[in-house]
Amino acid sequence: MKGEHSERAEGTAGRLDGGGSTDPATAAFIAHRNLLFTVAYEMLGSAADAEDVLQETWLRWAGVDLAEVRDQRAYLVRITTRQALTRLRTLGRRKESYVGPWLPEPLLTAPDVADDIELADSVSMAMLLVLETLTPTERAVFVLREVFDLGYDEIAEAVDKSPAAVRQIAHRARAHVAARRPRGTVTPAETRDVLAAFQRAIETGDLQSLFDLLSPDVVLLGDGGGIKQAVPRPIVGADKVGRLLLGGLGKIADAVSLRPTQVNGHPALIIRLDGELDTVVAARIDDGLITGLYAVRNPEKLSHMERETALRR
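Reading the values: the criteria
Residues numbered from 1 in each chain as written. Predicted model: local features only at pLDDT ≥ 70, side-chain atom pairs only at ≥ 80, totals over all residues. Heavy atoms only, no water. Helix = DSSP H or I, 4+ residues; strand = E, 2+ residues; numbered from the N terminus. Rg over C-alpha atoms; globule rule 2.2 N^0.38 Å. Buried < 20%, exposed > 50% of the residue type's maximum accessible area, 1.4 Å probe, protein only. Areas by Shrake-Rupley, 256 points an atom, 1.4 Å probe, with all protein chains shown as cover. Lys, Arg positive; Asp, Glu negative; His and termini not counted. Charge placed at Lys NZ, Arg CZ, Asp CG, Glu CD. Axes fitted to C-alpha atoms, helices over the stretch in contact; angles between N-to-C directions. Parallel < 35°, antiparallel > 145°, perpendicular 65-115°, else oblique. Contact = heavy atoms within 4.5 Å. Nonpolar A, V, L, I, M, F, W, Y, C, P; charged D, E, K, R; others polar. Phe/Tyr/Trp six-rings, centres within 6.5 Å; stacked < 30°, edge-to-face > 60°. Lys NZ or Arg CZ within 6 Å of the ring centre and 35° of its normal. Expected span 1.5 Å × (residues − 1). Polar contact = N/O pair within 3.5 Å; in protein donor to acceptor, adjacent residues only side chain to side chain.

So what's going on with the overall build of the protein? Residues and values would help.
On a plain count of helices and strands, the protein comes out with 13 helices and six strands. In summary, the protein has a C-alpha radius of gyration of 20 Å against a globular reference of 20 Å for 313 residues, a match within 12%. Principal axes of the C-alpha set define a box for the protein whose edges measure 65 × 40 × 35 Å. Across the 313 residues of the protein, 51% fall into the buried class. Of the roughly 14,600 Å² of accessible surface on the protein, 50% is carried by carbon and sulfur atoms. Side chains of the protein give 38 positive and 45 negative charges; the mean places of these two sets differ by 4 Å.

Given below as structure tokens:
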């Protein structure tokens, strides 16, 4: 839930971005803010929690003697990582009582995110779900090493481990992710084509065309957070998923519209109900077929679909 703390975080970030202060600490924080947000978001899968982490990072950074800091970027990343690790453990406890499947918070991203293939891959809904299967420390090490290319010594300081331990954790995390990530590289154009065909099948009620797009073992996850109705558990199999989608949307076809958009650096779909944003649908595609569908309906997770979020490495 997005609380008072998160709202204060966004307010502080907004004031900082406005350039109202020119002191060195503020200037450094502003210069690296998008990077720090990306680090926190990749570790947490939640924009609201990432904003809170940035607020906590700023409060600690404001009290640092800059004369003692050799590398401001590394120092800020270290603070952010430590705060994100603390919040990640709290978030894990919250997820245990979450109603239904938990999905990452989708972000409306600018086209330049898709241009950085490694960044776009690392923030995709499919990859964030893979990262959810890592321990907090494994996730931090993987993100800092594989996405942001930090050295083992820097990562060791951020996660309070020895460089040798970090190397072992990185190796273990890489193997874990490699076994679960999408099997091949899918271009944005290929994803757009598949989603366009998916949209046509839904809009025309063409069940066979929909089946042709779905992998036999496709998985549908829905996140309503107990606020909006969503599938309470994963739905597996092309027949079940296809019939559920057409059956559910077919009943309200006159009120539903589907539109393509860019979410987490990848093509996705927005579903509007009576003109209001209702659901964000992202997809995982392997070998030309949809193997994962991720439908986020929880309204508390859709606030970052109103404006583009800048992500940076």
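Once the structure has been displayed, the description carries forward.
Give me the packing of helix H8 (residues 136-147) against helix H10 (residues 163-178): which residues, what numbers.
Following both chains from N to C, one finds H8 and H10 inclined at 90°, their axes separated by 9 Å at the closest point. Considered as vectors, H8 and H10 are oriented roughly perpendicular to each other. Each of Thr137, Glu138, Val141, Phe142, Arg145 and Glu146 in H8 lies in contact with H10, whose residues at this interface are Val166, Ile169, Ala170, Arg172, Ala173, Arg174 and Val177. Here the contact of H8 with H10 is composed, by residue class, of seven nonpolar, one polar and five charged.

Describe the packing of aromatic side chains, and please don't skip the residues or the numbers.
What the rule picks out here adds up to three aromatic pairs. Judged by centre distance (5.3 Å) and plane angle (65°), the ring pair of Phe29 and Trp58 falls under edge-to-face. Taken together, the residues span a long stretch of sequence, with Phe29 in helix H2 (residues 24-44) and Trp58 in helix H3 (residues 47-61) at a distance of 29 residues. Of the two residues, Phe29 and Trp58, neither departs from the other in class, the shared state being buried. On the numbers, 5.9 Å between centres and 50° between planes, the contact of Trp61 with Tyr75 is tilted. One end of the pair, Trp61, is in helix H3; the other, Tyr75, is in helix H4 (residues 72-96), with 14 residues separating them in the sequence. The ring centre of Trp102 lies 3.9 Å from the NZ or CZ of Lys95, which sits over that ring. Over the ring of Tyr152 we find Arg145, and its NZ or CZ is 4.2 Å from the ring centre.

Break down H3 for me, with residues and values.
Along its 15 residues, H3 runs 20 Å from first to last C-alpha, staying within 8% of the 21 Å computed at 1.5 Å per residue. Of all 15 residues making up H3, 13 are buried, and the element is well covered by its neighbours.

Please give an account of the side chain of Ser122 that cites residues and values.
Structurally, Ser122 is set in helix H6 (residues 117-123). Judged by its relative accessible area of 6%, Ser122 is buried. Reaching out from Ser122, the side chain makes a polar contact with the side chain of Glu42 at a distance of 2.7 Å. Setting aside anything within four residues of it in sequence, one finds Ser122 in contact with Glu42, Met127, Leu128, Leu131 and Val147.

Go over the side chain of Lys95 with me, naming the residues and quoting the values.
Its place among the elements puts Lys95 in helix H4. For Lys95, a relative accessible area of 19% corresponds to the buried category. Apart from the residues within four sequence positions on either side, Lys95 is in contact with Leu44, Trp102 and Glu132.

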